[in-house]
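The lines below spell out each chain.
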Amino acid sequence: MRSAKQRLSLLWSSHPWVVLIVAMACFLVAVTVLGTWSRGDYLRRYPTHDYRLAAFSPPLNNILYYDSEHYYNIATSGYDASTPTSPARARIAFFPFYPMITHGLSVISGIPIDWSLLIIDWISALALVVVLYYWAIAELRHARIRDSAAPKFMLMGLVLFPTSFFLATGYTESLFMLLIAGSLLSYRQHRYALAGLLAALATATRVQGICLVIFFFLELISVRRRRIVLRQPIEYRKLIPLIMAPLGMLAFMVFQFITRGDALAFIHAQTIWGKFSSNYISNMFLHSDIRDVWYLAVYGFLCITTYKTLGWHWLLYCLAPFVLTLSAGSMMSINRYILSIFPLFLGLALFRHRIPRPLLVGIGASSFLLLVTNIIFFYIGAWVG
């Protein structure tokens, strides 16, 4: 009779996607249980500190916070342009694809909007780990790197990252990362139209999706140079995702121009959170704390490992979302945005043998500690990213 470990190993070798889905489901449940327990204990101690949002029905008012309210309002009543001085003005800063499919699911199934938010988030998270795993395999095959364990270590690093709990909280992280990973995987599989479609949906989900244009452009340049040297015909199909990727954002800009007369309203709305301030330097650190030192140090280290293992074009891609975020003059939510730059974790996984064991253990332990504390703080109503 096989042991449990042997059965798990057999299942992993034959159907790794099953193991990945079950593992992610356990993670999502663990985050929710820890978070809701922390919130219940906090409210018993401080009953007057109840920051639950009235828009969400129990028990989701213990799970959904902050950005989830904006997506809920967009899904229920759209972008309100009639009262530009009201809190509804902030909605235009949030991209439409997540609330659109939330609304669609609710209309088709009759499920309430708040439940639809969480269902899409969790389904996206479950699909994400599978797509990421196969993207990593395809990327390593493309780069001719032999390291069959790297995709597993990449997923471990991603889940241990301190802001990975956002995959379970009604934010765009799960959906956005799924679209990015799906686009990159489709590109490596030479399905360029699908890669372009998923990239366009990513740019309709978050502004950082536009960084895919940089990846597609760099890939096109490198392939073009290689084919010219080898005197091979240039594959112009690779232009398809490069052209299609910005369409999601462009469609949102057209909508803003038609409804508000301002195609860049989503940028101008960022001033609500103090971004694009004239006091650029002081505002940059306005919402920062000591934890950001850890995030910036780890991000820099991950960039180095990515450059060492995957090359300069992946380094540039990983730098682009970071620079785009800082260009607004604020480090607000930078820890959450780092999570979505998942090639960093593949770079770390490939570099793991060259990292001193004490350093690797230190990064892992501190990351897990920050993850647990972030879950607790987020669920009691504190801002963590």
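Residues numbered from 1 in each chain as written. Predicted model: local features only at pLDDT ≥ 70, side-chain atom pairs only at ≥ 80, totals over all residues. Heavy atoms only, no water.

Caption draft 1: Molecular detail of the layout of surface pockets. Considered as a void within the structure, the largest pocket measures approximately 630 Å³ in volume. In this structure, the largest pocket is lined by 28 residues; those nearest its centre are A93, V207, Q270, K275 and Y337. At the level of elements, α3 (67-77), α12 (265-268), α15 (312-326) and α16 (334-339) are the ones that each hand at least two residues to the lining of the largest pocket. Among the elements that take part in the lining of the largest pocket, α3 stands out by supplying three residues, more than any other. By residue class, the composition of the lining of the largest pocket is 16 nonpolar, eight polar and four charged. Estimates place the volume of the second largest pocket at around 460 Å³. Around the second largest pocket, the lining is made up of 19 residues, and of these G157, L160, L348, L360 and G364 lie nearest the centre. Broken down by secondary-structure element, the contributors of at least two residues to the lining of the second largest pocket are α6 (150-160), α14 (291-310), α17 (343-351) and α18 (357-379). Looking at which element gives the most residues to the lining of the second largest pocket, the answer is α18, with six residues. Each residue belonging to the lining of the second largest pocket can be placed in one class, and the counts come to 14 nonpolar, three polar and two charged. (1 Å grid on protein atoms, 1.4 Å probe; cavity = no way out; pocket = protein on both sides within 12 Å on 5 of 7 lines; lining within 4 Å. Points joined across faces, edges and corners; volume = space filled by probe spheres on them. Helix = DSSP H or I, 4+ residues; strand = E, 2+ residues; numbered from the N terminus. Nonpolar A, V, L, I, M, F, W, Y, C, P; charged D, E, K, R; others polar.)

Caption draft 2: Structural view of the packing of aromatic side chains. In total, this model carries 33 aromatic pairs according to the counting rule given. When the ring of F215 is compared with that of Y317, the centres are 6.3 Å apart and the planes differ by 75 degrees; the resulting orientation is edge-to-face. On the criterion of sequence distance, the pair formed by F215 in helix α9 (residues 212-230) and Y317 in helix α15 is long-range, its members being 102 residues apart. Y317 carries the same exposure label as F215, and that label is buried. Ring-pair connections join several aromatic residues into one group, and the members of that group are Y65, Y66, F165, F166, Y171, F378, Y379 and W383. (Phe/Tyr/Trp six-rings, centres within 6.5 Å; stacked < 30°, edge-to-face > 60°. Buried < 20%, exposed > 50% of the residue type's maximum accessible area, 1.4 Å probe, protein only.)

Caption draft 3: Region of interest: the packing of α14 against α15. At a closest axis distance of 7 Å, the pairing of α14 and α15 adopts a crossing angle of 155 degrees. On the basis of the axis angle, α14 is roughly antiparallel to α15. Between α14 and α15, the residues in contact are L296, Y299, C303, T306, Y307 and L310 and W312, H313, W314, L315, C318, L319 and F322, respectively. (Axes fitted to C-alpha atoms, helices over the stretch in contact; angles between N-to-C directions. Parallel < 35°, antiparallel > 145°, perpendicular 65-115°, else oblique. Contact = heavy atoms within 4.5 Å.)

Caption draft 4: Highlighting a nonpolar patch on the surface. A contiguous nonpolar surface patch, about 530 Å² in accessible area, is contributed by I214, Y307, W312, L316, L319 and V323. Looking at the secondary structure, you find Y307 in helix α14. (Patch = residues over 30% accessible without salt bridge, like charges linked within 9 Å, V, L, I, M, F, W, Y side chains within 5 Å. Areas by Shrake-Rupley, 256 points an atom, 1.4 Å probe, with all protein chains shown as cover. Salt bridge = Lys/Arg side-chain N within 4 Å of Asp/Glu carboxyl O.)

Caption draft 5: How the structure looks around the pattern of salt bridges. In total, this model carries six salt bridges according to the counting rule given. Its salt-bridge partner being D67, residue R336 comes within 3.5 Å of it at the nearest N-O pair. Separated by 269 residues along the polypeptide, R336 in helix α16 and D67 in helix α3 bring together distant segments of the chain. The buried category is assigned to R336, whose relative accessible area is 3%. On the basis of relative accessibility, which here comes to 11%, the residue D67 falls in the buried class. Each of D67, E173, R206 and R336 takes part in a single network of salt bridges with overlapping partners.

Caption draft 6: The arrangement of the nonpolar core in detail. Grouped together as the largest cluster of nonpolar side chains are 108 residues, with contacts concentrated most on L132, W135, M154, F342 and L346. Broken down by element, this core gets its largest block of residues, 15 residues, from helix α5 (residues 113-143). Setting aside anything within four residues of it in sequence, one finds L346 in contact with W135, A136, E139, L140, A150, M154 and L310. (Core = buried A, V, L, I, M, F, W, Y, C linked by side-chain atoms within 4.5 Å.)

Caption draft 7: Representation of unusual backbone geometry in the model. You will see that Y66, though not glycine, has its phi angle at about 50 degrees, which is positive. For Y66, the position within the fold is in the loop between α2 (16-45) and α3. Y66 sits in the partly exposed class, given a relative accessible area of 27%. Look at S333: it is not a glycine, yet its phi comes out positive at around 65 degrees. As for its position among the elements, S333 is in the loop between α15 and α16. Judged by its relative accessible area of 6%, S333 falls in the buried class.

Caption draft 8: Up close: the side chain of K238. Looking at where K238 falls in the secondary structure, it is placed in the loop between α9 and α10 (239-244). Polar contacts involving the side chain of K238 include one to the side chain of Y192, which spans 2.8 Å. (Polar contact = N/O pair within 3.5 Å; in protein donor to acceptor, adjacent residues only side chain to side chain.)

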